[in-house]
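Breakdown of the fold
For reference, the chains in residue letters:
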Amino acid sequence: MRTNGVSGTAAVVGLIVAAACVGIAAPSGLKGSPAARTATSALADNSTRPSALFSGSSPAATRVAMSTPTPIPASSLDPAAGSGVTSTPSLPPEAVQLGPQVFKPTDGPPDWLVPDRAPDARAEGDAVVLELWVPHRNVGIGEWVTVHVRVTNEGSEKIYSDCIPLDTVLDATSLFDPGETWTGAAARFKEQLLSEQRLTRSTFSYRTGEGLDCPGGDIGKTDHLGPGDTWDIDLIVLPRYWLDNQALPPGSVPVVASLNFGFGLEGTRDYTLSVRQPIRLDGRPLPGVSPGQLADATLHTDGFIDWLEARDLTGWVNTHLSGKADSKRIDWQFFGFDGPAPNGTITMGLFAEGNATFLGEVLLDPWTGQSFGFVAR
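Residues numbered from 1 in each chain as written. Predicted model: local features only at pLDDT ≥ 70, side-chain atom pairs only at ≥ 80, totals over all residues. Heavy atoms only, no water.

**Quick look at the overall build of the protein**
Of the regular secondary structure elements, the protein holds 3 helices and 17 strands. Taking all 377 residues of the protein together, 50% fall into the buried category. At a minimum sequence separation of 6, the contacts of the protein that also span at least 24 residues come to 73%. Working note: accessible area of the protein is about 17,100 Å², and carbon and sulfur atoms make up 51% of it. (Helix = DSSP H or I, 4+ residues; strand = E, 2+ residues; numbered from the N terminus. Buried < 20%, exposed > 50% of the residue type's maximum accessible area, 1.4 Å probe, protein only. Contact = heavy atoms within 4.5 Å. Areas by Shrake-Rupley, 256 points an atom, 1.4 Å probe, with all protein chains shown as cover.)

**A word on unusual backbone geometry**
Backbone geometry places Arg198, a non-glycine residue, at a positive phi of 50°. Tracing the backbone through its elements, the reader meets Arg198 in the loop between helix H1 (184–197) and strand E8 (201–203). Using a relative accessible area of 24% as the deciding quantity, one classes Arg198 as partly exposed. Its identity is not glycine, yet Asp244 carries a phi of approximately 60°, on the positive side. Residue position: Asp244 is located in the loop between strand E11 (230–237) and strand E12 (251–261). By relative accessible area, Asp244 is classed as buried at 18%.

**As for the sheet that holds E12**
With respect to topology, 5 strands assemble into an open sheet ordered E4-E13-E12-E7-E8, the strand pairing being mixed. The open sheet is flanked by strand E4 (138–139) and E8, the only strands paired with a single partner. The pairing of E12 with strand E13 (residues 271–281) spans 11 bridges and is classified as antiparallel. Within E13, the position partnered with Phe261 by the bridge is Tyr271. (Pairing = 2+ DSSP bridges.)

**Some details on the side chain of Ser322**
Here Ser322 lies in the loop between strand E14 (316–321) and strand E15 (346–352). Residue Ser322 is classed as buried on the basis of its relative accessible area of 19%. A distance of 2.8 Å separates the side chain of Ser322 from the backbone nitrogen of Thr347, its partner in a polar contact. Not counting residues within four places of it along the chain, the set of residues in contact with Ser322 comprises Ile346 and Thr347. (Polar contact = N/O pair within 3.5 Å; in protein donor to acceptor, adjacent residues only side chain to side chain.)

**Looking at the pattern of salt bridges**
For the structure shown, the criterion picks out 8 salt bridges. Put simply, Glu131 and Arg122 hold a salt bridge, and the shortest N to O gap is 3.6 Å. Arg150 is the partner of Asp232 in a salt bridge, and the nearest nitrogen-oxygen pair spans 2.7 Å. Of this pair, Asp232 sits in strand E11 while Arg150 sits in strand E5 (residues 145–153), placing them 82 residues apart in sequence. Arg150 sits in the partly exposed class, given a relative accessible area of 22%. What you see here is one network of salt bridges that share partners, running through Arg117, Asp120 and Arg137. (Salt bridge = Lys/Arg side-chain N within 4 Å of Asp/Glu carboxyl O.)

**Structural notes on the environment of Gly349**
Within the element layout of this structure, Gly349 appears in strand E15. For Gly349, a relative accessible area of 0% translates into the label buried. For the pair formed by Gly349 and Ser322, sequence separation is 27 residues and the distance between their alpha carbons is 9.1 Å. Apart from residues lying up to four places away in sequence, Gly349 is in contact with Phe189, Phe304, Thr319, His320, Gly360 and Glu361.

**Re the packing of H1 against helix H2 (residues 291–300)**
Following both chains from N to C, one finds H1 and H2 inclined at 140°, their axes separated by 10 Å at the closest point. The orientation of H1 with respect to H2, classified from their angle, is oblique. Judged by the sense of rotation from one axis to the other, the crossing of H1 with H2 is right-handed. Listed contacts from H2 to Ala186, Phe189, Lys190, Leu193 and Leu194 of H1 are Pro291, Gly292, Ala295, Asp296, Thr298 and Leu299. Residues belonging to the contact of H1 with H2 are distributed by class as follows: 7 nonpolar, 2 polar and 2 charged. (Axes fitted to C-alpha atoms, helices over the stretch in contact; angles between N-to-C directions. Parallel < 35°, antiparallel > 145°, perpendicular 65-115°, else oblique. Left-handed = near helix turned anticlockwise from the far one by under 90°. Nonpolar A, V, L, I, M, F, W, Y, C, P; charged D, E, K, R; others polar.)

**Comments concerning the pairing of E11**
Of all 8 residues in E11, 7 are buried, a share of seventy percent or more. One ladder, built from 8 bridges, connects E5 with E11; its direction is antiparallel. By the bridge assignment for E11, Val151 is matched with Trp231.

**Details of the environment of Ser195**
When you line up the elements, Ser195 lands in helix H1. Placed 124 residues apart in sequence, Ser195 and Thr319 show a C-alpha to C-alpha distance of 9.5 Å.

**Topic: the pairing of E5**
Burial runs high along E5: 8 of the 9 residues are buried. Direction of pairing for strand E3 (residues 128–133) relative to E5: antiparallel, over a ladder of 6 bridges. When the bridges of E5 are listed, Glu131 appears paired with Arg150.

**As for the confidence of the model for the protein**
Taken over all residues, the pLDDT of the protein has a mean of 73, while the share at 70 or more is 66%. Below pLDDT 50 for its whole length, residues 3–24 participates in 63 contacts with residues either more than four positions away or in separate chains. Note on residues 26–89: pLDDT under 50 across the span, and 141 contacts to partners over four residues away in sequence or across chains. (pLDDT = per-residue confidence, 0-100.)

Given below as structure tokens:
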């Protein structure tokens, strides 16, 4: 349930396929945003609808071939019935105007100069010191952010950390509209989606590392740092939005480096040190809705919150986000539309145990927040 924000009625498309356990609910737009558009549709007889979202052939485990969609009867488009439908729907023809894409420069990141000054940020705890150097405080569009991190064990015991030991991000959360505030299962879904998918944070990659046993990030391995020893690590990131390689919005954002460690090889990593240093990004305004607003659009789609609340929180596995799909492969008549989405589509949802279906997801226009329907399977 939400505590503030938009309200509105969306029409419902229902479908049950016995073999695949697939359910569909149809569109609701992200209202209150200039870029948002609300799609409306209704079906008089759900039992006549086709049995999958995608046209063409594909593995039966994930998609079922489409049958010819049944036309929507004019009698089902009745505003007086409370569906909010006013006419036979069609997708708007215009596409969002994107800026030039931000790609990695062909000459690669700049050379790193060995730190010859005091660190920009420092944290100490349990005889472990974490230091951060950020040589460039103003970053243009298409320019790399290069940082240096040093971890020093000033204690008498080895410390252990996972491989790779540092989590270093450029946190651009403050540059985006957070969207609506929700409660209950909806609030947990939104928070978990934005956290797990890192839609507003760019993760640094290791460039060089001295003193590391496993700089490649081998799964299941640990790294250790002996008394008096030091890790020196260079990291890089190219600031850009996760969708279509667009520039991030301009503004001040922190570089955040965190270290989780413990004092036993098999022990838990109960100790955390974190440092941060703000930098200034040149950028362009985002040409669409924010990640938080996309999560809101997912939650507004008829059927999705009901599906969430029907599952025990202990059965939640992880959130789901697909990349941009080729919208031409989707049979849009299934959703009541006469053409493909001009901006492509993504899906947002959750893997969870219980009640026959294990995945609930919503098909969205990634730039306008327009929702095309909910699928459970």
